[in-house]
Amino acid sequence: MSRDIKKAAVLGSGVMGCAIACHLANCGIPSIMLDIVPKLTDEDKKKGVKETDPAFRNRLSQNALNIAIKAKQPMAPLYVKKNAKLIEVGNFEDDMEKIAECDWVIEVVVESLKIKKIVFDQVAKYWKPGIIVTSNTSGLPIKDMSADMPAEMKKHFFVTHFFNPVRHMKLLEFIVGEDTDESIVTDLAGFGERVLGKGIVYGKDTPNFVANRIGVYAIMDTVKHMMDMGLRIDEIDAIAGEPMGRPKSAAFRTADLVGLDTFKHVSMGVYDGCPDDPERDVFLPPEWMEKMVENGWLGNKTKQGFYKKEKVDGKKKYFVLDYNTMEYVESTKPKFDSVKAAKKGKTPGEKVAKLIAGDDKAAELGWKVVRDVTIYSCNKIPEICDDIVNLDNGMKWGFNWEEGPFETADAIGAKELVKRIKADGLEVPKLLDMAARKGGFYKKDGLKNLYLDAADFTYKEVPKTSLEVDVDGLAQRTVDAVYYITDPAAMKVEIADLKDRGNIMLRRAGATIYDMGDNVGLLEFHSYKDMNPVDDDVIELLDKAVDVVQEQGLYGLVVGNEKKNFSVGANLMMILMGARSKQWDMLEKAVAGLQNANMKIKYAPFPVVTAPVGMTLGGGCEVAMHGDAMCAAAETYIGLVEVGVGVIPAGGGCKEYLIRNLEATLRNPHVPSTFFNVRKAFENIAMAKVAMNAVEAVEMDIIRPTDKITLNRDYLLGDAKQMVLGMYRAGYNRKSPRDDIKMAGHQYYAAFKNAIWTMHQGQFMTDHDVVVSDYVAKVLTGGDIPQGAIVDEQHILDLER
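Residues numbered from 1 in each chain as written. Predicted model: local features only at pLDDT ≥ 70, side-chain atom pairs only at ≥ 80, totals over all residues. Heavy atoms only, no water.

Once that is clear, we can look at the sheet that holds strand β5 (residues 132-135). Judged by pairing direction, the sheet is mixed, and its eight strands sit side by side in the order β3-β2-β1-β4-β5-β6-β7-β8 without closing on themselves. With one partner strand each, in any of the chains shown, β3 (87-91) and β8 (199-203) form the two edges of the open sheet. Direction aside, neighbouring strands of the sheet carry axes that sit 25° apart on average. (Pairing = 2+ DSSP bridges. Helix = DSSP H or I, 4+ residues; strand = E, 2+ residues; numbered from the N terminus. Axes fitted to C-alpha atoms, helices over the stretch in contact; angles between N-to-C directions.)

Moving on, we get to the sheet that holds strand β12 (residues 442-445). Ordered in space as β12-β13-β14, the three strands form an open sheet in which the pairing is antiparallel. A strand with exactly one partner marks an edge of an open sheet, and here the two such strands are β12 and β14 (459-461). Looking at each pair of strands side by side, their axes are set apart by 40° on average, direction ignored. Bridge count between β12 and strand β13 (residues 448-452): four bridges; the pairing is antiparallel. Residue pairing across strands places Asp-445 opposite Lys-448, the latter belonging to β13. On top of the sheet, helix α21 (residues 430-438) reaches β12, β13 and β14; it is set at about 135° to β13, its chief contact. (Contact = heavy atoms within 4.5 Å.)

For the chain, mean pLDDT is 93; residues scoring 70 or higher make up 97% of the total. Note that residues 468-484 has pLDDT below 50 and, in this model, 52 contacts with residues that lie over four places away or in other chains. (pLDDT = per-residue confidence, 0-100.)

Judged by side-chain charge, Lys-333, Lys-335, Lys-340, Lys-343, Lys-344 and Lys-354 come together as a positively charged surface patch. Tracing the backbone through its elements, the reader meets Lys-343 in the loop between α15 (337-342) and α16 (348-356). (Patch = residues over 30% accessible without salt bridge, like charges linked within 9 Å, V, L, I, M, F, W, Y side chains within 5 Å. Areas by Shrake-Rupley, 256 points an atom, 1.4 Å probe, with all protein chains shown as cover. Salt bridge = Lys/Arg side-chain N within 4 Å of Asp/Glu carboxyl O. Lys, Arg positive; Asp, Glu negative; His and termini not counted. Charge placed at Lys NZ, Arg CZ, Asp CG, Glu CD.)

Counted according to the given criterion, the structure contains 18 aromatic pairs. Judged by centre distance (6.0 Å) and plane angle (80°), the ring pair of Phe-174 and Tyr-202 falls under edge-to-face. On the criterion of sequence distance, the pair formed by Phe-174 in strand β7 (residues 171-176) and Tyr-202 in strand β8 is long-range, its members being 28 residues apart. Take Phe-174: its relative accessible area is 1%, and that puts it in the buried class. One residue, Arg-246, lies across the ring of Trp-401, its end atom 3.7 Å from the ring centre. When the ring centre of Tyr-307 is taken as origin, the NZ or CZ atom of Arg-253, which lies over that ring, is 3.8 Å away. (Phe/Tyr/Trp six-rings, centres within 6.5 Å; stacked < 30°, edge-to-face > 60°. Buried < 20%, exposed > 50% of the residue type's maximum accessible area, 1.4 Å probe, protein only. Lys NZ or Arg CZ within 6 Å of the ring centre and 35° of its normal.)

Below, the discussion takes up the nonpolar core. Membership of the largest hydrophobic core comes to 112 residues, with the highest contact counts inside it found for Leu-24, Trp-104, Leu-523, Leu-557 and Leu-780. For Leu-523, the contacting residues outside a window of four places in its chain are Ala-511, Thr-512, Ile-513, Leu-541, Leu-542, Ala-545, Leu-557, Val-558, Val-559 and Gly-560. Formed by 91 residues, the second largest nonpolar core is a distinct cluster that contains Leu-171, Val-216, Val-223 and Tyr-323. (Core = buried A, V, L, I, M, F, W, Y, C linked by side-chain atoms within 4.5 Å.)

This brings us to the pattern of salt bridges. All told, the structure shown has 52 salt bridges when counted by the stated rule. Here Lys-317 and Glu-330 are joined by a salt bridge, their closest N and O atoms 3.5 Å apart. Note that Lys-317 is positioned in strand β10 (residues 315-322) and Glu-330 in strand β11 (residues 327-330), a separation of 13 residues in sequence. The class for Lys-317 is partly exposed, based on a relative accessible area of 31%.

The next thing to look at is the packing of helix α27 (residues 653-667) against helix α33 (residues 793-800). For the pair α27 and α33, the least separation of the axes is 8 Å and the interaxial angle reads 130°. Accordingly, the angle class assigned to the pair α27 and α33 is oblique. Contacts between α27 and α33 involve Gly-653, Cys-654, Lys-655, Glu-656, Leu-658 and Ile-659 from the first element and Glu-793, Ile-796, Leu-797 and Glu-800 from the second. (Parallel < 35°, antiparallel > 145°, perpendicular 65-115°, else oblique.)

A few words on the pairing of β11. The sheet contact formed by β10 and β11 spans four bridges and is antiparallel. In the sheet register, Asp-322 faces β11, and the bridge partner there is Glu-327. Between β10 and β11, which pair antiparallel one after the other, the connecting turn spans four residues, and Met-326 there sits at a positive phi close to 60°.

As paired strands, strand β17 (residues 504-507) and strand β18 (residues 511-515) are joined by three bridges and run antiparallel to one another. Of the residues in β18, the one forming a bridge with Arg-507 is Thr-512. Between β17 and β18, which pair antiparallel one after the other, the connecting turn spans three residues.

Attention now goes to a nonpolar patch on the surface. Together, Met-573, Leu-576 and Met-577 give the surface a local cluster of nonpolar side chains, amounting to about 280 Å² of exposed area. Topologically, Met-573 is positioned in helix α24 (residues 572-580).

Working note: non-glycine residues mostly have negative phi, and peptide bonds are mostly trans. In this chain, Gln-73 is followed by Pro-74 through a cis amide linkage whose omega measures 5°. Looking at the secondary structure, you find Pro-74 in the loop between α4 (59-70) and β3. At the junction of Asn-164 and Pro-165, the peptide bond is cis and its omega measures out at 0° in the coordinates. Of note in this structure, Asp-518 is not a glycine but carries a positive phi near 55°.

Let us look at the environment of Phe-174. For Phe-174 and Glu-551, which are 377 residues apart along the polypeptide, the C-alpha to C-alpha distance reads 47 Å. Aside from chain neighbours lying at most four places away, what touches Phe-174 is Phe-158, Val-159, Thr-160, Val-185, Leu-188, Ala-189, Ile-200, Val-201, Tyr-202 and Gly-203.

Moving on: the environment of Lys-602. With respect to the helices and strands, Lys-602 occurs in helix α25 (residues 584-602). By relative accessible area, which is 9% here, Lys-602 ends up buried. Separated by 590 residues in the primary sequence, Lys-602 and Gly-12 place their C-alpha atoms 48 Å from one another. The contacts of Lys-602, once residues within four sequence positions are left out, are His-626, Lys-655, Glu-656, Ile-659, Lys-735 and Glu-793. At 3.5 Å, the side chain of Lys-602 and the side chain of Tyr-603 are in polar contact. Of note is the side chain of Lys-602, whose polar atom sits 2.6 Å from the side chain of Glu-656. (Polar contact = N/O pair within 3.5 Å; in protein donor to acceptor, adjacent residues only side chain to side chain.)

In structure tokens form, the structure reads like this:
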């Protein structure tokens, strides 16, 4: 069951503290963010600032919030600026008593045991039974932090370790103390998973916990082998990124992103805190890295670290540190045969297997790092966590690895790993040896996913969620009419399970229709890697999905997938080739096909919910807008971007976006006329503007205020399914195509043409930009028709096409 947190207190307004408060606000949770009272500076005294002035006393927390509000998308900690109104700023001296109003108190002060204990002493004065108190420490022992706490408060105390940037990083580590009431931990895990959208990893009270222990080891082990093999920093990043199933930032770009001072602190935390770790010396930074910290070469925040960029002859050039000379040299694009082979792998595991099968330096480096990380991970269970699932999830959610160490080991083959480790003269961990004997770290048993338990070497079922099922009904949080689904009953739907059950109803190379259970269908796009362009297969199955759902007697349909992106748009190469070869009939037919399929989905005799996630652009956005409702992942980047490549949205996108903006006019009595929202539609389409998250998409009127947003992407399809069932159970009423759309007409079309002419005269538009923008204006206003003329949807679709 998920605990209902109505209000939280965040103690500390540094980078992490403010980011946590901002993400709570993103999820509709009000908080108070407190920090110390600053000291009066000489400059303050000159200005006559008084120590009693609230603005002065709350300066640290207010300044932190101001920085967060000004941050640019998509990396801003807030989805939208107005969410900041849910954060109340204050200070420890004047406002600590307000924590008594809160359900959860999160300590995020400087990483000093002495300071943290002082803060907890203050918390104890106002603490009430039932208030959860957690620390965001990255490694200080729970028993030391809680030593002086009242016994009852200790039961409510544990570690909740967020990862930065909090909004984007899925991992939330839970570290439980000896005195912690585990039922409280379970309740908060439900809240973290469903409301905050996090993935919960349970770790042990050891230095750096789970993800940082393994992730930092992997990077420092890579540094060690780099130096031994005489490789360059940019060569390492060419190997230790995507070819090894790691993020593009690989090793050193990741360290630049984190900050070398922070990275050193975390690494030294293990070196100092684990004197008996056989691999302890790996965590000790080499002298040249210490010199970088001394020089202030800390990475992105100081504009130079392992990399830096400079302007040379008016052009940006990238440089990389030569750690032998401590001078920067021009960065190159290293090429290795094994890396080239790895890129041909279809899965992350295949890529790693192909990389380490080579015979060049990249293969050697890749093998040594994979070998060492596998051995270290095996040897750290159960020291840092109880099982391989928590460790693998920690690396995927905290370091953005595509597969965890044990999943990677299975992809290579546990037997192959044992054979090569023995050939290197190293000891094979018992856990790895047992995996090789029993057939892997993970296996399937019918529909069950199993993992090898390190305690007794038997297989146990992989848990799907940290939640207990609660069917009390749909709970929702609201922030200015934006709804976030938090229903524990809406469990995960996994497409792999649907395949295992034989639930495929119709399949093409680029799309598949499934029965996803409970009499709900699912249309999945899966064309071209994670891009899912709207191609012929997608259009065909969009059209046929309505027939299939009716034939099978299903209640409704979800349109979504488990890929990184819903759809990046139409198949532009097909459009380009058709235009170059003047196949206008073919293009007319293709565009009409998408329009007709979208209209068929929109006016299906059953509920249709689309589930956009990631990039939902152009044609993908058009499909998403044609359902009865959207259930969007919070991190959805959605917009009509066709103008950026010289065409206009013509799959019904202009029509749907116009309708949504006209609806917005009716909702807002302060808007003087419909032209305000028509202009907004024109500007967003003509400038190919993209909403950088789902809440921003609501502000742009791409997503309706009545649509739903899911914070944890793992539940997206399950939540969408629940929405379909809800509409069906409420008594779904079939809609008819609209014939009542009031157009702005020729007067406003002329106004747009005048604006376009002005932009062209100012050389802000090319000749072709004028052609495209003129057509956008014509579609949205109706062109040369009277103001207020009434048209139907087909009229606008014809204009688009």
